[in-house]
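Spelled out, the chains give:
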Amino acid sequence: LKLGYTGVENLNLKSTWRYELNHRLEDLFEDGTGQTAGNDWALALVNRADYTYKASEKLIFTPMLKWTYRRLDSAVFDETRIDETNLAPILRVDYFLTERTTLRVGMQGFPLLKHRFRSGVAESSNYNAWHYILGFQNTSSYTGYTISMNWGLRKSFTDFVDSSSVGTIETSELFLQVRTN
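Residues numbered from 1 in each chain as written. Predicted model: local features only at pLDDT ≥ 70, side-chain atom pairs only at ≥ 80, totals over all residues. Heavy atoms only, no water.

Quick look at the environment of leucine 65 now. Looking at where leucine 65 falls in the secondary structure, it is placed in strand 7 (residues 59-74). In this structure, leucine 65 is in contact with Asn47, Arg48, Ala49, Leu87, Ala88 and Pro89, ignoring residues within four places of it in sequence. (Helix = DSSP H or I, 4+ residues; strand = E, 2+ residues; numbered from the N terminus. Contact = heavy atoms within 4.5 Å.)

So, in structure tokens, the structure goes:
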């Protein structure tokens, strides 16, 4: 199920829901193995909001918020296998250097409103994080194909909620992505 709202100019609200149910009957197979009756079900929700503010012809600000929820219950294992919530506040800034080249700065999570991941099954994996990206994107055409190249630096800071001994884990990576279509 997909829902969307675009009633306010430059504001996009989108919600996607997915539910799966696998109902099994008890059965005994020819090789002597069998299965018990039961239901396995999964639920996934993705909610997104973004607002595009065009400060000038070359400068665009896009604040975003993304919330996801995922749960998987299994009668075979008689337990919840997955129960996760993810909240990610995002700010993206695009500055168009040329018609085909964009300087892109992004932040996911902020000092007072961090990117939050919570698991109801594996609480030791719960974390708060903030990520920064500085990159360039160039799009061009070559023999009928559109080629998009992204390169830049990503820096992340992660605090595991249930760990007092780890502290903040800091990672940095340089990236280069080339895509065609």
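Text resumes after the structure shown.
Time to look at unusual backbone geometry. Positive phi values are uncommon outside glycine, yet asparagine 10 reaches one of about 70 degrees. Mapped onto the elements of the fold, asparagine 10 is located in the loop between strand 1 (2-5) and strand 2 (11-24). For asparagine 10, a relative accessible area of 38% gives the class partly exposed. (Buried < 20%, exposed > 50% of the residue type's maximum accessible area, 1.4 Å probe, protein only.)

Where nonpolar side chains cluster on the molecular surface, the patch consists of Tyr95, Leu97, Phe136, Met149, Trp151, Leu176 and Val178 and spans about 620 Å² of accessible area. When contributions to the nonpolar patch are tallied by element, the ones reaching two or more residues are strand 12 (145-160) and strand 13 (168-180). Summarising the element assignment, tryptophan 151 is placed in strand 12. (Patch = residues over 30% accessible without salt bridge, like charges linked within 9 Å, V, L, I, M, F, W, Y side chains within 5 Å. Areas by Shrake-Rupley, 256 points an atom, 1.4 Å probe, with all protein chains shown as cover. Salt bridge = Lys/Arg side-chain N within 4 Å of Asp/Glu carboxyl O.)

The subject of this paragraph is the side chain of aspartate 94. Its place among the elements puts aspartate 94 in strand 8 (residues 79-96). The buried category is assigned to aspartate 94, whose relative accessible area is 3%. Leaving out residues up to four positions away in the same chain, aspartate 94 has contacts with Lys58, Leu59, Ile60, Thr102, Leu103 and Arg104.

Counting through the fold element by element, threonine 101 comes out in strand 9 (residues 101-108). Among the residues examined, threonine 101 registers a relative accessible area of 16% and is labelled buried. Taking the C-alpha atoms as reference points, threonine 101 and glutamate 79, separated by 22 residues in sequence, lie 50 Å from one another. Excluding anything up to four places from it in sequence, threonine 101 contacts Tyr95, Phe96, Gln137 and Asn138. Within the local environment of threonine 101, its side chain forms a polar contact with the side chain of asparagine 138, the two groups lying 2.7 Å apart. (Polar contact = N/O pair within 3.5 Å; in protein donor to acceptor, adjacent residues only side chain to side chain.)

Moving on, we come to the pairing of strand 7. In the sheet, strand 5 (residues 38-51) pairs with strand 7 via 11 bridges, with the strands oriented antiparallel. Of the residues in strand 7, the one forming a bridge with aspartate 40 is serine 74. Bridge count between strand 6 (residues 53-54) and strand 7: 2 bridges; the pairing is antiparallel. Across the sheet, tyrosine 53 pairs through a bridge with phenylalanine 61, a residue of strand 7. The hairpin turn running from strand 6 into strand 7, its antiparallel successor, is 4 residues long. Note that strand 7 and strand 8 share 16 bridges and pair antiparallel. By the bridge assignment, serine 74 is partnered in strand 8 with glutamate 79. Connecting strand 7 to the next strand, strand 8, in antiparallel fashion are 4 residues, including aspartate 78 with a positive phi near 55 degrees. (Pairing = 2+ DSSP bridges.)

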